[in-house]
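Structural overview for review
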Amino acid sequence: LPMLSSSDDGIPYSSPICQSGSIIRFLAKKYGLVGTSIAEETAADILYETAKDMGGHMDKICAVMSNEEEKDMAAKLPFASALRVEKMLEKMADPNDASAALNYGQIQLFKLLSTCEARRAGCIRDNLSVKLDEFRIAMEKRPGIAAYLTSSVCFPYTKGELGQEGGYVYVEPFKRGS
């Protein structure tokens, strides 16, 4: 069970914040990743939840589809969400603008898309949409994200994230601080 306690924020060790979604929302508010209005905060939350839901279908997103019938069936599953996500992103900060403030929904979507891409290169473009792949690429190029992704504090993917047997075991050894 994920937990967060912080005496600096008035969250005592005796009653920490539990559950990953609650922790993420707390940190998003603390660090200004929710937008500047209730409408923007709600949009960020909808995108966050939609990306999490899509993550439950990673096997389908990353699949190699051999014919149009498979692609048509897939369109009725998580891929229909891709069109809604594209429309949501149109109303949010452009990741190509390095000075634009992102929200936590965009970061969750980026995590999903980059994990899918690590499972099978090209699957976002092949199975979801060109726009979502362009979003992923733009996010990777943002200076702060690019620095994190190449840093020693960036956690490598686990076997489970990559769809392999082994669950929470890292594919590559994790070397903190090297």
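Look above for the structure.
Scope of this entry: the structure provided in the associated data block. From a predicted model like this one, the values you see are computed outputs, not experimental measurements.

So, on to the environment of Arg-125. Mapped onto the elements of the fold, Arg-125 is located in helix H7 (residues 123-128). Residue class for Arg-125 comes out partly exposed when judged on its relative accessible area of 38%. Excluding its chain neighbours within four sequence positions, the residues that come into contact with Arg-125 are Val-130, Asp-133, Glu-134 and Ile-137. Reaching out from Arg-125, the side chain makes a polar contact with the side chain of Asp-133 at a distance of 3.0 Å.

Here we take up the pattern of salt bridges. This model, assessed by the stated rule, comprises twelve salt bridges. One salt bridge connects Asp-59 with Arg-119, and the closest N-O pair in it is separated by 2.7 Å. Here Asp-59, found in helix H3 (residues 58-62), pairs with Arg-119, found in helix H6 (residues 104-119); they are 60 residues apart in sequence, far enough to count as distant. Its relative accessible area of 22% is what places Arg-119 among the partly exposed residues. Notably, a salt bridge pairs Glu-90 with Lys-131, separated by 3.9 Å at the nearest N-O pair. Residue Glu-90 is found in helix H5 (residues 79-90), and its partner Lys-131 is found in helix H8 (residues 130-141); the two are separated by 41 residues along the sequence.

This part takes up the side chain of Glu-117. Within the secondary structure, Glu-117 is located in helix H6. With relative accessibility at 16%, the residue Glu-117 sits in the buried group. In terms of polar contacts, Glu-117 uses its side chain to reach the backbone amide nitrogen of Gly-122, at 2.7 Å. Once you skip the residues sitting within four places of it in the chain, Glu-117 turns out to touch Gly-122, Cys-123, Ile-124, Asp-133 and Arg-136.

Assignment of secondary structure puts Met-3 in strand S1 (residues 3-4). Residue class for Met-3 comes out exposed when judged on its relative accessible area of 53%. With 19 residues separating them in the primary sequence, Met-3 and Ser-22 have C-alpha atoms 9.4 Å apart. Apart from the residues within four sequence positions on either side, Met-3 is in contact with Pro-16, Ile-17, Cys-18 and Ile-23.

To continue, consider the packing of aromatic side chains. A full pass over the atoms with the stated rule returns two aromatic pairs. Residues Tyr-48 and Tyr-104 carry aromatic rings whose centres are separated by 5.4 Å and whose planes lie at 45° to one another, so their mutual orientation is tilted. Taken together, the residues Tyr-48 in helix H2 (residues 38-55) and Tyr-104 in helix H6 connect sequence positions 56 residues apart.

Where H2 contacts H5, the axes come no closer than 11 Å and their chain directions differ by 155°. In terms of axis orientation, H2 runs roughly antiparallel to H5. When you trace H2 past H5, the crossing you get is left-handed. Counted together, Ile-46, Leu-47, Thr-50 and Met-54 of H2 and Ser-81, Ala-82, Val-85, Met-88 and Leu-89 of H5 form the full contact between these two elements. Looking at the contact of H2 with H5 residue by residue, the class counts come to seven nonpolar, two polar and no charged.

Cut-offs and rules
- Residues numbered from 1 in each chain as written.
- Predicted model: local features only at pLDDT ≥ 70, side-chain atom pairs only at ≥ 80, totals over all residues.
- Heavy atoms only, no water.
- Helix = DSSP H or I, 4+ residues; strand = E, 2+ residues; numbered from the N terminus.
- Buried < 20%, exposed > 50% of the residue type's maximum accessible area, 1.4 Å probe, protein only.
- Contact = heavy atoms within 4.5 Å.
- Polar contact = N/O pair within 3.5 Å; in protein donor to acceptor, adjacent residues only side chain to side chain.
- Salt bridge = Lys/Arg side-chain N within 4 Å of Asp/Glu carboxyl O.
- Phe/Tyr/Trp six-rings, centres within 6.5 Å; stacked < 30°, edge-to-face > 60°.
- Axes fitted to C-alpha atoms, helices over the stretch in contact; angles between N-to-C directions.
- Parallel < 35°, antiparallel > 145°, perpendicular 65-115°, else oblique.
- Left-handed = near helix turned anticlockwise from the far one by under 90°.
- Nonpolar A, V, L, I, M, F, W, Y, C, P; charged D, E, K, R; others polar.

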